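Chain residues, written in single-letter form:
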Amino acid sequence: MTARVETPTVDERQRQRTEVAATREMTKARRLRRRDLALAILTPVLLLVAWQIAADTELIDRQLFSPPSQTLSRGAEMVASGELATHVFATVARLLVGYSLGAVLGIIVGLAMGTWRPLNAALGPTFSALYALPKIAILPLLLLIFGLTETPKILAVMITIFFVLQINTLSGIRQIDAGIIEASRAYGATGLRQFRFVIIPAALPSIFTGLRVAAGLGVIVITAVEFVASNNGLGFLIWNSWQLFQPERMFVGLITVSILGALLTFSVTGTEYLAIPWRRADRPARRRRTEKKR
Amino acid sequence: MKRSFVAVYGALTVIATASACGNGSGDEADGSVTEITVAHVPSTLFAPLYIAQANGYFADEDLEVSLQTIQAGQDAVPLAASGQVDVVVAGFSAGLFSAVNTGLDVKVVGSMGISTGDPDASPTALEVSTALVDSGEIQTVADLEGRKIAVSGGPGAAGGYQLDVMLREAGLTIGDVEAVNLSFPDMEAAIANGSVAAAVPPAPFTTKMEQSGVAVPLAVPPAGTVATGVIYGGAFADSDAAQPFFDALARAAGELQGDAAKTDENLQILAEATGQDIAVLEEVPFYTWLPDLAPQLDQLEAQQQTYLDAGLFDFDEIIPPETYIITDFSENAG
């Protein structure tokens, strides 16, 4: 007796085709992510290898451009002696305080300017002009007022971060679709409720863009400030190493600054991932294996 | 015939054009004048350079000198070693000695401004906060132990050596104080707001802070202290232009002896070169210059020792002078 083979229904055939297509897409997405990760890791590694080869073959002057092997060796010494940690902690402390204060103030002011037109009219042009001012240029004034303390260094970072976040927050509010605001009003969201449940969530992507940009700028500013007004920190390490003609230490400082900037940016990106869950909706969702229905 | 003429004409044009192109400084521009690039820090310390340039002494030696401003001598030492500049006229720093020890091809060939040691007329002084002196907290240089002292470029700079020689006369060294890097214009404010107890500025900053009552001079570098000079790139030192360039410098130094340093003409030249007001230059004490600008070996050794004692080097022995000092140019200056 022949076993009865059930012919799949039209709906089942459709579901199977959809599953096959989705699985194919997920596999492709996974493959692309692995490729991107490999490229992200291999590119700097290849550059370092090329640098090492150029130094070993005297294509570049290894006295001025210390090869990665020497730089790493010196870096290991500086880690073991605690010297690098001292400079890292000094810079990170200044950076985090300045970044946090500047970001909070910038977001608050940006939100206020975005929702209260007279304030934007009053402060907008002035802030646009002040934003363009190189903050390192006002450092002598800050030193004059606050002396050789941590305050001028933190303020230089804070002012830089403030303007970036103020501009991005304001921009985030301005780009909110008017239709969304209308719709929210229609559903009864006005005043603070509208602010909390509509305006802030809509402005968040722009705010986080500002936070990411500000992370890199903050590192640049604190490094520059430590060139001229500090006895510790990564900026001081870089500047002082060159003054003493110790290029390996300088490159250790440069690499550490780069890693610091990357870590800070990565932290912001991670926070953004958690804070804006609705932006994850366009990514391929994880699928559970479903049992074949018999 | 016509084709041959065009070919020959074209070849001659190419050859002529190639001959006319120089490949940078230190080379002859049109067959008779040599172009030289000199990196310098604008300061009256290097007066012979500006006098020589303004009075045409370099031109007399068939040299065309291009002055490039730098912030610190150390910035230009690697450039001199690689031939990007021919000469550096600036302060000597720990970085110079480290670079020499590493094997960079630079030579110290001359000295520049030398301290007079005159406590009433020194171009550099250890300026101490008037408030601290009046309160009795600081009466002598020895009382500066553990205090913050502003030095442009930090302890590894020429100012660091000058500070060290002044401290040593009081039984201290630069390791007994905290040398803080501050630019000259910021020193007065730092003393005034109590950020630092003292500073080592040159004139006219010394005069300015004394006149404003912010600081008083407590010590000056001993006579003969020198931490600045002339550095040749290795390639330039071997070139035919090296001696003529030095001859022109020494000729200018000869016109800066004694009271001749402050003639109206010289002050005008220095005012234009450094951007300072003539009235200010008239008031401030000047350095002195040896007529032959000979490098001071004992000073260079003492300067190295200062940095060695301060732990600023990766090496631990004085570099032999013959490694990096050439005295021939000053000896032959005519």
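Just so it is clear, the model here is predicted, and its values are computed rather than measured. (Residues numbered from 1 in each chain as written. Chains lettered and ligands numbered in written order. Predicted model: local features only at pLDDT ≥ 70, side-chain atom pairs only at ≥ 80, totals over all residues. Heavy atoms only, no water.)

## Some details on the overall build of chain B
The helix and strand inventory of chain B stands at 16 helices and 10 strands. Counting only C-alpha atoms and orienting by the principal axes, one finds that chain B spans roughly 95 × 45 × 35 Å. By the burial criterion, 51% of the 334 residues in chain B qualify as buried. Carbon together with sulfur atoms contributes 50% to the accessible area of chain B, which is approximately 13,900 Å² in total. Mean positive and mean negative side-chain charge positions of chain B (9 and 46 charges, respectively) differ by 11 Å. (Helix = DSSP H or I, 4+ residues; strand = E, 2+ residues; numbered from the N terminus. Buried < 20%, exposed > 50% of the residue type's maximum accessible area, 1.4 Å probe, protein only. Areas by Shrake-Rupley, 256 points an atom, 1.4 Å probe, with all protein chains shown as cover. Lys, Arg positive; Asp, Glu negative; His and termini not counted. Charge placed at Lys NZ, Arg CZ, Asp CG, Glu CD.)

## Here we look at a negative patch on the surface
Together, Asp264, Asp277, Glu282 and Glu283 of chain B give the surface a local cluster of negative charge. Taking the relative accessible area as the measure of exposure, Glu282 of chain B reaches 42% and is therefore partly exposed. (Patch = residues over 30% accessible without salt bridge, like charges linked within 9 Å, V, L, I, M, F, W, Y side chains within 5 Å. Salt bridge = Lys/Arg side-chain N within 4 Å of Asp/Glu carboxyl O.)

## Observations regarding the interface of chain A and chain B
The figure often quoted for interface size is the accessible area lost as the parts come together. If you look at the interface, chain A gives 17 residues, while chain B gives 29 residues. Notably, a salt bridge pairs Asp314 of chain B with Arg74 of chain A, separated by 3.0 Å at the nearest N-O pair. At the boundary of chain A with chain B, the tally comes to 10 residue pairs in polar contact (both at pLDDT 80 or more). Of all the secondary-structure elements, those providing two or more residues to the side of chain A that touches chain B are α5 (139–146), α8 (191–228) and α9 (234–243) of chain A. (Contact = heavy atoms within 4.5 Å. Polar contact = N/O pair within 3.5 Å; in protein donor to acceptor, adjacent residues only side chain to side chain.)

## A few points about empty space enclosed by the protein
Residue and element names in this part refer to chain B. According to the stated counting rule, one finds two cavities of 30 Å³ or more in the structure shown. Size it by volume and the largest cavity reaches roughly 60 Å³. If you trace the largest cavity, you find it lined by Phe92, Val108, Gly110, Ser111, Val226, Ala227, Thr228, Pro295, Gln296, Gln299 and Leu300. Considering every element that reaches the lining of the largest cavity, the biggest residue donor is strand β4 (residues 106–111), with three residues. (1 Å grid on protein atoms, 1.4 Å probe; cavity = no way out; pocket = protein on both sides within 12 Å on 5 of 7 lines; lining within 4 Å. Points joined across faces, edges and corners; volume = space filled by probe spheres on them.)

## Focus on the packing of aromatic side chains
All names here are of chain B. This model, assessed by the stated rule, comprises 20 aromatic pairs over all chains. Both rings, one in Phe58 and one in Phe245, keep their centres 4.8 Å apart while their planes meet at 10°; by these two values the pair is stacked. Taken as a pair, Phe58 in helix α3 (residues 57–60) and Phe245 in helix α11 (residues 242–254) lie far apart in primary sequence, 187 residues in all. On the basis of relative accessibility, which here comes to 1%, the residue Phe58 falls in the buried class. Over the face of the ring belonging to Phe286 we find Lys262, whose NZ or CZ atom lies 4.9 Å from the ring centre. (Phe/Tyr/Trp six-rings, centres within 6.5 Å; stacked < 30°, edge-to-face > 60°. Lys NZ or Arg CZ within 6 Å of the ring centre and 35° of its normal.)

## Thoughts on the nonpolar core
Grouped together as the largest cluster of nonpolar side chains are 93 residues, with contacts concentrated most on Leu165 of chain A together with Val88 of chain B. Formed by 43 residues, the second largest nonpolar core is a distinct cluster that contains Tyr232, Ala248, Ala261 and Ala271 of chain B. (Core = buried A, V, L, I, M, F, W, Y, C linked by side-chain atoms within 4.5 Å.)

## Looking at unusual backbone geometry
The omega torsion of the bond from Ala203 of chain B to Pro204 of chain B falls at 5°, within 30 degrees of zero and hence cis. Tracing the chain through its elements places Pro204 of chain B in the loop between β8 (198–199) and α9 (205–211). Here Glu58 of chain A, not a glycine, exhibits a phi torsion of approximately 60°, which is positive. The topology assignment puts Glu58 of chain A in the loop between α1 (10–56) and α2 (68–81). Overall, the relative accessible area of 65% leaves Glu58 of chain A in the exposed class.

## A short note on the side chain of Glu226 of chain A
All names here are of chain A. If you trace the backbone, Glu226 turns up in helix α8. Engagement of the side chain of Glu226 in a polar contact is seen with the side chain of Arg94, the distance being 2.7 Å. From its side chain, Glu226 meets the backbone nitrogen of Leu234 in a polar contact 3.1 Å long. Apart from residues lying up to four places away in sequence, Glu226 is in contact with Ala90, Thr91, Arg94, Asn232, Gly233, Leu234, Gly235 and Phe236.

## Topic: the sheet that holds strand β3 (residues 87–91) of chain B
All names here are of chain B. Across the sheet, five strands lie side by side as β2-β1-β3-β10-β4; this open sheet has mixed pairing. Looking at strand neighbours, the two that pair on one side only are β2 (63–69) and β4, the edges of this open sheet. On average, each strand axis in the sheet is inclined to that of its neighbour by 25°, with strand direction left out of account. Two strands pair when backbone bridges link them, and strand β1 (residues 34–40) and β2 are joined in this way by seven bridges, in the parallel orientation. Bridge assignment links His40 to a residue of β2, and that residue is Thr69. (Pairing = 2+ DSSP bridges. Axes fitted to C-alpha atoms, helices over the stretch in contact; angles between N-to-C directions.)

## Describing the confidence of the model for chain B
Residue and element names in this part refer to chain B. Considering every residue of chain B, the mean pLDDT works out to 89; 91% of them sit at 70 or more. Confidence drops under pLDDT 50 across residues 8–25; counting only partners more than four residues distant or on other chains, this segment forms eight contacts. Scoring of the predicted complex yields 0.80 for pTM and 0.76 for ipTM. (pLDDT = per-residue confidence, 0-100.)

## Quick notes on the pairing of β3 of chain B
All names here are of chain B. Summarising burial for β3: four of the five residues are buried, a large majority. Pairing of β1 with β3 involves three bridges; the strand directions are parallel. Bridged to His40 within β3 is Val89. Here β3 runs beside strand β10 (residues 228–233); their pairing, made up of five bridges, is antiparallel. Looking at the pairing, Val87 lines up with Tyr232 of β10.

## Focus: the confidence of the model for chain A
Residue and element names in this part refer to chain A. Mean pLDDT over chain A works out to 89, with 93% of the residues at or above the 70 mark. Within chain A, α5 has the poorest average pLDDT of any element, 85, and helix α3 (residues 83–115) the best, 96. Under a pLDDT of 50 for its full length, residues 287–294 has, in the predicted model, six contacts with residues more than four places off or in other chains.

## Details of α5 of chain A
Every α-helix carries 3.6 residues per turn, so stepping three or four residues along brings you back to the same face. Buried residues of α5 of chain A: Leu139, Leu142 and Leu143 of chain A, and no others. One face of α5 of chain A carries all of its buried residues, which in axial projection span an arc of 100°. Looking at the buried residues of α5 of chain A, the elements they touch are α6 (150–174) and α8 of chain A together with α8 (184–192) of chain B. Gly147 of chain A lies just past α5 of chain A and shows a positive phi near 75°. (Arc of directions from axis to C-beta.)

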